[in-house]
Amino acid sequence: MFLTNLFNFKRECAHDKITPNMDSGYCPDCGQYIKNEWYITRCSCCGVKLKTNIRNGEVFPQYHYCMNCGSKEYQVEKLEKINFIDINFAVLQKKVLKAELKTNSTQCWQEKNNVQPKLLIQYL
Ligand SMILES: [Zn+2]
Ligand SMILES: [Zn+2]
């Protein structure tokens, strides 16, 4: 039973219930607060929108070269709101917002209990 719990804990959640039409919300599967963020790539040269992919959190255009001007340079833009034109080009990233750092909290180990703190400054 213990091993099963450990395994489930380590599995990554895809946050499937946070659908693209939502802005943000708590994922009912893992309890994390998820924000939907849309990204689009644009040709740096002529400015046309490029069809965009995402892999391992990295946003990049689907094609290597701009179909309008042939440039290889591109820039990534974050969209505040998705609309029905951009949705054909944009990619969605489900970002986990950590309001409280529960897992990363620092732990202090007290090794000597009898030692008085030496750095206390006394103002007379
Ligand atoms: Zn989740
Ligand atoms: Zn271009």
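Residues numbered from 1 in each chain as written. Chains lettered and ligands numbered in written order. Predicted model: local features only at pLDDT ≥ 70, side-chain atom pairs only at ≥ 80, totals over all residues.

A word on the confidence of the model for the chain
So, point 1. Mean pLDDT over the chain: 83, with 70% of residues reaching 70 or higher.
So, point 2. Within the chain, the element-level pLDDT minimum falls on helix 1 (residues 2–10), averaging 54, and the maximum on strand 3 (residues 49–50), averaging 97. (pLDDT = per-residue confidence, 0-100. Helix = DSSP H or I, 4+ residues; strand = E, 2+ residues; numbered from the N terminus.)

Side note on unusual backbone geometry
So, point 1. Unlike most non-glycine residues, His15 shows phi in positive territory, near 50°.
So, point 2. As for its position among the elements, His15 is in the loop between helix 1 and strand 1 (24–26).
So, point 3. For His15, a count of 19 C-beta atoms within 10 Å puts it in the partly exposed group.
So, point 4. Here the phi dihedral of Asn56 falls at roughly 50°; this positive angle occurs in a residue that is not glycine.
So, point 5. In this structure, Asn56 sits in the loop between strand 4 (52–55) and strand 5 (58–61).
So, point 6. The class for Asn56 is exposed, based on 4 C-beta atoms found within 10 Å. (Buried ≥ 20, exposed ≤ 12 C-beta atoms within 10 Å, placed from the backbone.)

Remarks on the environment of Lys17
So, point 1. Mapping Lys17 onto the fold places it in the loop between helix 1 and strand 1.
So, point 2. Of the residues examined, Lys17 has 14 C-beta atoms within 10 Å and is grouped as partly exposed.
So, point 3. A sequence separation of 12 residues divides Lys17 from Asp29, and the C-alpha atoms of the two residues are 7.9 Å apart.
So, point 4. Not counting the four nearest positions on each side in its chain, Lys17 is found in contact with Cys27, Pro28 and Asp29. (Contact = placed C-beta atoms within 7 Å.)

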